[in-house]
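Report on the structure
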Amino acid sequence: MAKAPILTPQAEDFPRWYQDLINKAELADNGPVRGTMVIRPYGYGLWERMQQEMDARIKDAGAQNAYFPLFIPQSYLTKEAEHVEGFAPELAVVTHGGGKELEEPVVVRPTSETIINEYFSKWVQSYRDLPLLINQWANVVRWEMRPRVFLRTSEFLWQEGHTAHATYEDARDYAARIHRDVYADFMVNVLGIDVVLGRKTAKERFAGAINTLTLEGMMGDGKALQLGTSHELGQNFAKAFNTQYLSKDSKQELVWQTSWGVSTRMVGGLIMSHGDDSGLRVPPRLAHVQVVVMAIKGDEAVAKVRELGDRLKAAGIRVQVDDRVDTPFGRRAVDWELKGVPVRIEIGPRDLENGTAMLARRIPGGKEPVTIDSLVDLLPKVLEEDQAQLLRESRERRESRTADVSTIEEAAEAAVGGGWARIRWADLGPEGEAKLGEQAVSVRCLVAEDGSVPDADDAPGTIAIVGRSY
């Protein structure tokens, strides 16, 4: 009788495969309150690496980290009508505290535009205070009706950037800089996901924004996942909170603002972009464990893997030593394969006699014997090759499963069939977008003919990228 697979095959049931992988690879568990999650150490290690890479890029863009309260007075949200209307169905509201009814209900942070603007209005007095560039790493709560671990949870972790500028042009350019130099650079060059950069339609725009820039990735089943957004807020929040500055001409002017964020949804995107029927595949530049050095059996092998682990760490490789010889080797190997560690180095008594080790590569697959002494020089090259392969596979999947179409019916057919469609926005428009929505298909973003981000929804030659999404 054939052995049952560890994971539900992707082709059989992609959502079930996703949930199986999260459980078997020990990434997360469901929390005790519906829609919440417990991120386990290996899963949190992935998020920590994402934080480190993103934080460095955010600081290179000039922003500084700060922290603002979890509880927001309900009256703050009502100051910007479109914003509160957009978030109203998702709000968690606290009405009692300390055994008493609160004088004013407080909202558990769904996003921080309102409370941060309350303080921006105090901190910004003169043009000399601008630009003001703030980032926050925090948790937020948006009451989710259809939760899915990492993708849609009632509480999730993220970073949210908030900035104030003297001019529209400065704010516009900064939002684009975050979109391109922080988010796209990280997602392409670290996550290995070939994202499409575009702008959201008016229907899909962030509540309270005048423009939303997005990064869309195609997952393994052909659906789209919004991996990050950068918003031009115009002066909407500045008007609501009276955030003004004294210009060089001694005039009181309203600031122009941006906000931008990515979240633990990126962990879900990582899983669905690169995972296969054997488990997760983690891009080497992201992996908090790039190499696991495994002793197959025997005291001498244990001593050798510990020594080799120290040498690899000294060479700058993120390595973990697995010397648990009291646990069957096959079980341990499968566990590391499920977790997607890019490289396993396996050493047993016979390998020690020959001065060799077995090098197993998770991303392309396969094993080969190599000399132990060659590993310090060999592994960095192997890891970069495998990083490039994941990005190449992501790009090839997107290109092969994106169809150029000319009608609404063809666009819907391509999306329902498990891919994306490209259609001229002039042939689709808001009416066509609404018709697609009736089939659970949406315009993921708008791009220019050359693949760049268009200046406006109705810019000549604008193309709509259409698909089903998570």
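Structure's up top.
Residues numbered from 1 in each chain as written. Predicted model: local features only at pLDDT ≥ 70, side-chain atom pairs only at ≥ 80, totals over all residues. Heavy atoms only, no water.

**As for helix H2 (residues 41-60)**
Relative to the 28 Å expected for 20 residues at 1.5 Å per residue, H2 spans 28 Å between its end C-alpha atoms, a close match to the ideal helical length. Every buried residue of H2 is accounted for by Tyr-42, Gly-43, Gly-45, Leu-46, Trp-47, Arg-49, Met-50, Glu-53, Met-54, Asp-55, Arg-57 and Ile-58. (Helix = DSSP H or I, 4+ residues; strand = E, 2+ residues; numbered from the N terminus. Expected span 1.5 Å × (residues − 1). Buried < 20%, exposed > 50% of the residue type's maximum accessible area, 1.4 Å probe, protein only.)

**Topic: the packing of helix H13 (residues 408-416) against helix H14 (residues 425-437)**
What describes two packed helices is the angle between their axes and the distance between those same axes. For the pair H13 and H14, interaxial distance at closest approach is 10 Å and the crossing angle is 50°. Judged by the angle between their axes, H13 and H14 are oblique. H14 is crossed by H13, and the crossing has right-handed handedness. Residues Ile-408, Ala-411 and Ala-412 of H13 touch H14, and the partners they reach there are Asp-427, Leu-428, Gly-432, Lys-435 and Leu-436. Residues of the contact of H13 with H14, tallied by class, amount to 5 nonpolar, 1 polar and 2 charged. (Axes fitted to C-alpha atoms, helices over the stretch in contact; angles between N-to-C directions. Parallel < 35°, antiparallel > 145°, perpendicular 65-115°, else oblique. Left-handed = near helix turned anticlockwise from the far one by under 90°. Contact = heavy atoms within 4.5 Å. Nonpolar A, V, L, I, M, F, W, Y, C, P; charged D, E, K, R; others polar.)

**Describing the layout of surface pockets**
Put simply, the second largest pocket is a space of about 300 Å³. Lining the second largest pocket are 15 residues, and of these Ala-176, Leu-213, Val-453, Pro-454 and Asp-455 lie nearest its centre. Contributions of two or more residues to the lining of the second largest pocket are made by helix H6 (168-189), strand S9 (196-199) and strand S10 (211-218). Among the elements that make up the lining of the second largest pocket, the one with the highest residue count is H6 (6 residues). Its residues placed into classes, the lining of the second largest pocket shows 7 nonpolar, 2 polar and 6 charged. (1 Å grid on protein atoms, 1.4 Å probe; cavity = no way out; pocket = protein on both sides within 12 Å on 5 of 7 lines; lining within 4 Å. Points joined across faces, edges and corners; volume = space filled by probe spheres on them.)

**Points about the sheet that holds strand S5 (residues 93-97)**
Overall, antiparallel pairing links the 3 strands, which are arranged S4-S6-S5 in an open sheet. Because the sheet does not close on itself, it has two edges, and the strands there are strand S4 (71-73) and S5. Averaged over all pairs of adjacent strands, the angle between their axes in this sheet comes to 50°, without regard to strand direction. In the sheet, S4 pairs with strand S6 (residues 100-108) via 3 bridges, with the strands oriented antiparallel. Considered in S6, the bridge of Pro-73 is made with Val-106. (Pairing = 2+ DSSP bridges.)

**A short note on the sheet that holds strand S17 (residues 343-347)**
Ordered in space as S16-S15-S17-S18-S19, the 5 strands form an open sheet in which the pairing is mixed. Each end of this open sheet is capped by a strand with a single partner; those strands are strand S16 (319-322) and strand S19 (367-371). On average, each strand axis in the sheet is tilted by 25° relative to the strand beside it, whichever way the strands run. Alignment of strand S18 (residues 356-361) against S19, held across 5 bridges, turns out to be antiparallel. Bridged to Ala-360 within S19 is Lys-367. Set on the sheet, helix H10 (residues 329-339) makes contact with strand S15 (291-295), S16 and S17; between it and S15 the angle comes to about 175°. Sheet contacts for helix H12 (residues 375-400): S15, S17, S18 and S19; angle to S18, the most-contacted strand, approximately 10°.

**Looking at the packing of aromatic side chains**
Taken as a whole and judged by the stated rule, the model has 10 aromatic pairs. Between Trp-47 and Trp-137, the ring centres sit 6.0 Å apart and the planes meet at 75°, which makes this aromatic pair edge-to-face. Remark: Trp-137 occurs in strand S7 (residues 132-141) and Trp-47 occurs in helix H2; sequence separation between them is 90 residues. Take Trp-47 and Trp-137: they sit in the same class, and that class is buried. Taken together, a centroid distance of 6.0 Å and an interplanar angle of 50° make the contact between Tyr-119 and Trp-123 tilted. You can see Tyr-119 and its partner Trp-123 sitting in helix H5 (residues 113-123), 4 residues apart, about one turn around the helix. Relative accessible area serves as the criterion here: at 42%, Trp-123 is assigned to the partly exposed category. By way of ring pairs, the aromatic residues Phe-68, Tyr-119, Phe-120 and Trp-123 are connected into one cluster. Over the face of the ring belonging to Tyr-42 we find Lys-339, whose NZ or CZ atom lies 5.7 Å from the ring centre. (Phe/Tyr/Trp six-rings, centres within 6.5 Å; stacked < 30°, edge-to-face > 60°. Lys NZ or Arg CZ within 6 Å of the ring centre and 35° of its normal.)

**Re the pairing of S10**
Extensive coverage of S10 is indicated by the burial of 8 of its 8 residues. In this structure, S10 lies alongside strand S11 (residues 224-234), joined through 8 bridges in antiparallel fashion. In the strand pairing of S11, Glu-216 is matched with Gln-226.

**Concerning unusual backbone geometry**
The linkage connecting Leu-130 with the following residue, Pro-131, adopts the cis geometry, with an omega of -5°. Within the secondary structure layout, Pro-131 lies in the loop between H5 and S7. Despite not being glycine, Asn-242 shows a phi value in the positive range, around 55°. Residue position: Asn-242 is located in the loop between helix H7 (236-241) and strand S12 (244-246). Owing to a relative accessible area of 48%, Asn-242 belongs among the partly exposed residues under this scheme. In this structure, Ala-440 takes a positive phi of about 60° despite not being glycine.

**Section: helix H8 (residues 265-274)**
With 10 of 10 residues buried, H8 is to be regarded as a mostly interior element. Where H8 is concerned, the buried positions are Arg-265, Met-266, Val-267, Gly-268, Gly-269, Leu-270, Ile-271, Met-272, Ser-273 and His-274.

**A look at the pattern of salt bridges**
For the structure shown, the criterion picks out 30 salt bridges. We note a salt bridge from Arg-180 to Asp-181, for which the minimum N-O separation is 2.9 Å. When its relative accessible area of 44% is taken as the criterion, Arg-180 is described as partly exposed. Asp-181 gets classed as partly exposed once you look at its relative accessible area, which sits at 36%. Its salt-bridge partner being Arg-285, residue Glu-384 comes within 2.7 Å of it at the nearest N-O pair. With Glu-384 in helix H12 and Arg-285 in the loop between H8 and S15, this residue pair connects regions lying 99 residues apart in the sequence. It is possible to trace a salt-bridge network through shared partners that takes in Arg-49, Glu-53, Arg-57 and Asp-185. (Salt bridge = Lys/Arg side-chain N within 4 Å of Asp/Glu carboxyl O.)

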